[in-house]
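Survey of secondary and tertiary structure
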Amino acid sequence: MDRKVADLLNQQVNKEFYSAYLYLDMANYYIDLDLDGFGNWYTIQAQEERDHAMLFVQYLQNNGEKVTLEAIDKPDKVFETPLDPLVAAAEHERYVTDLIHKIYEAAYEVKDFRTMQFLDWFVKEQGEEEKNADGMVRKYQLFGSDAKSLYLLNQELAARVYSAPSLVL
Ligand code: FEO
């Protein structure tokens, strides 16, 4: 595998684990506020990010590449209102989309079609992640200031259940 592509894939393992850490921090923030439904949403989000990290690990290993694990940064976002994590999550997903596109670009330059095909799932997934994250911001903006609506929104988010990624390597 091309060095640059392999390095970027390796870095993405770390970025996905960092995403899991960030979402776990958000889940903890909401659980401390007794907004357990929001907590559930981000606990599942963290699980999905661990799945993403493991897909990159597995893809590297399937292609005979060594996986190098680096230290995971501490989540350093400060949340002052329940809207803050939602906005931070939407920004973070756009950042991750950009990272995925950069790996795709590197793979495209060296005609690494296998990596491009692997990344196709992530390109689509990022579209969904951004849509969901933006949807959360909009819902909170619409209903968050009213206690009764917030209660119902929290209940709706409590119903989210984890499902394994549809990509199987
Ligand atoms: Fe791994 Fe939320 O993208």
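First things first, this report covers the structure right here in the doc. All values derive from a computational prediction rather than experimental measurement.

1. Some points on the overall build of the protein
Along the backbone of the protein there are five helices and zero strands. Reading the helices (α) and strands (β) of the protein from amino to carboxyl end gives α-α-α-α-α. A sequence separation of at least 24 residues applies to 82% of the contacts in the protein between residues at least 6 apart. Element-wise, carbon and sulfur atoms account for 53% of the exposed surface of the protein, whose accessible area totals about 9,500 Å².

2. Considerations on unusual backbone geometry
Backbone geometry places Asp 34, a non-glycine residue, at a positive phi of 65°. In this structure, Asp 34 sits in the loop between helix H1 (3-32) and helix H2 (36-62). The exposed category is assigned to Asp 34, whose relative accessible area is 62%. Even without being a glycine, Lys 111 presents a positive backbone phi close to 55°. Note on placement: Lys 111 falls in the loop between helix H3 (83-109) and helix H4 (113-143).

3. A closer look at the side chain of Glu 125
Along the chain, the position of Glu 125 falls in helix H4. The charged side chain of Glu 125 is buried without a salt bridge, its nearest counter-charge being Arg 160 at 7.1 Å. Of the polar contacts made by the side chain of Glu 125, one reaches the side chain of His 52; its length is 3.4 Å. Every residue in contact with Glu 125, bar those within four places of it in the chain, is listed here: Glu 48 and His 52.

4. Description of the environment of Asp 7
By the element assignment, Asp 7 lies in helix H1. Along the sequence, Asp 7 and Val 67 sit 60 residues apart, while their C-alpha atoms lie 9.3 Å from each other.

5. Describing the layout of surface pockets
Space left empty within the atom packing is revealed by a probe, the size of a water molecule, rolled over the atoms. Here the largest pocket defines a volume of roughly 280 Å³. Lining the largest pocket we find 16 residues, and of these Glu 48, Glu 125, Glu 128, Arg 160 and Ser 163 sit closest to its centre. Elements that contribute at least two residues to the lining of the largest pocket include exactly H2 and H4. Residues that form the lining of the largest pocket fall into these classes: six nonpolar, four polar and six charged.

6. Notes on the packing of aromatic side chains
Per the stated rule, a full pass over the model turns up eleven aromatic pairs. A ring pair is formed by Tyr 29 and Phe 79, whose centres lie 5.3 Å apart and whose planes are at 65°; its orientation type is edge-to-face. Linking Tyr 29 in helix H1 with Phe 79 in the loop between H2 and H3, this pair joins segments that are 50 residues apart in sequence. Each of the two residues, Tyr 29 as well as Phe 79, counts as buried. Both rings, one in Tyr 30 and one in Tyr 42, keep their centres 5.9 Å apart while their planes meet at 15°; by these two values the pair is stacked. Of this pair, Tyr 30 sits in helix H1 while Tyr 42 sits in helix H2, and the two are twelve residues apart along the sequence. Overall, Tyr 30 belongs to the buried group, its relative accessible area being 0%. Of the aromatic side chains, those joined through ring pairs into one cluster are Tyr 23, Tyr 29, Tyr 30, Phe 38, Tyr 42, Phe 79 and Tyr 140. The ring of Trp 41 has Arg 160 sitting right over it, with the charged end atom 4.1 Å from the ring centre.

Reading guide: rules and limits
Residues numbered from 1 in each chain as written. Predicted model: local features only at pLDDT ≥ 70, side-chain atom pairs only at ≥ 80, totals over all residues. Heavy atoms only, no water. Helix = DSSP H or I, 4+ residues; strand = E, 2+ residues; numbered from the N terminus. Contact = heavy atoms within 4.5 Å. Areas by Shrake-Rupley, 256 points an atom, 1.4 Å probe, with all protein chains shown as cover. Buried < 20%, exposed > 50% of the residue type's maximum accessible area, 1.4 Å probe, protein only. Lys, Arg positive; Asp, Glu negative; His and termini not counted. Salt bridge = Lys/Arg side-chain N within 4 Å of Asp/Glu carboxyl O. Polar contact = N/O pair within 3.5 Å; in protein donor to acceptor, adjacent residues only side chain to side chain. 1 Å grid on protein atoms, 1.4 Å probe; cavity = no way out; pocket = protein on both sides within 12 Å on 5 of 7 lines; lining within 4 Å. Points joined across faces, edges and corners; volume = space filled by probe spheres on them. Nonpolar A, V, L, I, M, F, W, Y, C, P; charged D, E, K, R; others polar. Phe/Tyr/Trp six-rings, centres within 6.5 Å; stacked < 30°, edge-to-face > 60°. Lys NZ or Arg CZ within 6 Å of the ring centre and 35° of its normal.

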